[in-house]
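Tertiary structure, described
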Amino acid sequence: DAGITQSPRYKITETGRQVTLMCHQTWSHSYMFWYRQDLGHGLRLIYYSAAADITDKGEVPDGYVVSRSKTENFPLTLESATRSQTSVYFCASGKAGGRADTQYFGPGTRLTVL
Amino acid sequence: GQQLNQSPQSMFIQEGEDVSMNCTSSSIFNTWLWYKQDPGEGPVLLIALYKAGELTSNGRLTAQFGITRKDSFLNISASIPSDVGIYFCAGRTGGGADGLTFGKGTHLIIQP
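Residues and elements named next belong to chain B. Burial of strand β7 (residues 61–65) is one-sided: the residues Leu 61, Ala 63 and Phe 65 facing one way are buried, the residues Thr 62 and Gln 64 facing the other way are not. Pairing analysis gives four bridges linking strand β6 (residues 55–58) to β7, with the strands arranged antiparallel. Each residue of the ladder has a partner; that of Asn 58, found in β7, is Leu 61. Connecting β6 to the next strand, β7, in antiparallel fashion are two residues, including Gly 59 with a positive phi near 65 degrees. Summarising the sheet, β7 and strand β8 (residues 71–76) pair through five bridges and their orientation is antiparallel. Bridging across to β8, Thr 62 finds its partner in Asn 75. Count of turn residues in the β7/β8 antiparallel hairpin: five residues, of which Arg 69 carries a positive phi of about 65 degrees.

What follows is about the confidence of the model for chain B. For chain B, mean pLDDT is 90; residues scoring 70 or higher make up 94% of the total. Mean pLDDT values over the elements of chain B span from 88, in strand β10 (residues 101–102) of chain B, up to 97, in β8 of chain B.

A few words on the interface of chain B and chain A. For an interface, size is often stated in terms of accessible area lost upon the parts coming together. Across the contact, 22 residues belong to chain B and 24 residues belong to chain A. Counting the surface lost from both chain B and chain A, the interface buries some 1700 Å², and carbon and sulfur atoms represent 55% of this. Taken together, chain B and chain A are joined by zero salt bridges. The interface formed by chain B and chain A contains four residue pairs in polar contact (both at pLDDT 80 or more). Mapped onto the side of chain B that touches chain A, the elements with two or more residues apiece are β4 (31–37), β5 (44–49) and β9 (85–92) of chain B. For the side of chain B that touches chain A, the leading source of residues is β4 of chain B, giving four residues. The residue inventory of the side of chain B that touches chain A, partitioned by class, reads 10 nonpolar, seven polar and five charged.

Rules used throughout
Residues numbered from 1 in each chain as written. Chains lettered and ligands numbered in written order. Predicted model: local features only at pLDDT ≥ 70, side-chain atom pairs only at ≥ 80, totals over all residues. Heavy atoms only, no water. Buried < 20%, exposed > 50% of the residue type's maximum accessible area, 1.4 Å probe, protein only. Helix = DSSP H or I, 4+ residues; strand = E, 2+ residues; numbered from the N terminus. Pairing = 2+ DSSP bridges. pLDDT = per-residue confidence, 0-100. Contact = heavy atoms within 4.5 Å. Buried area = accessible area lost by both parts, 1.4 Å probe. Salt bridge = Lys/Arg side-chain N within 4 Å of Asp/Glu carboxyl O. Polar contact = N/O pair within 3.5 Å; in protein donor to acceptor, adjacent residues only side chain to side chain. Nonpolar A, V, L, I, M, F, W, Y, C, P; charged D, E, K, R; others polar.

Structure below.
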């Protein structure tokens, strides 16, 4: 049972480059999420998706693009990376409704933008 | 937007001591969750709370959903070295699994 995986685990890129972070879950959860974690800010929601082809902005969406063509995948793209996007990125997934609506996190991707 | 104030920011305790931490919100929450994060890992769910007044235990951990629905508490009894890590509270105002609002974390350090 793989659960939720992220790739790559570590990435170094340069300002202005496009970067895509991958997230894959094997639970068939309808919801998926992207968070970034920075010192002093905790975890902040970037985007989330309630189902395939449905996405919504979170607290800090600027500079990011997401897609969800398949239930199990939720890639996050930085179209033109900036130094302020250096962070640890976590993907999460969850079921919806009642006591099922908790979220389970992947191991994270540490992104450095030079 | 919603804000969660989590305290304390850090705790230095002796092994065997009990630990208490809490979160307060500017908004009423329908769900409170407590997560633990180890270095280099993603947060792991410890306890989920779904109604005001609810008290739930998970081994040595106990969490409560405050009556006002604007706060939650996590207690750890008889701390052990593997309890070291960062504990996050998280909450959600709506129904469904939309995004969570996270506290900034309590960093627990245990001295043997």
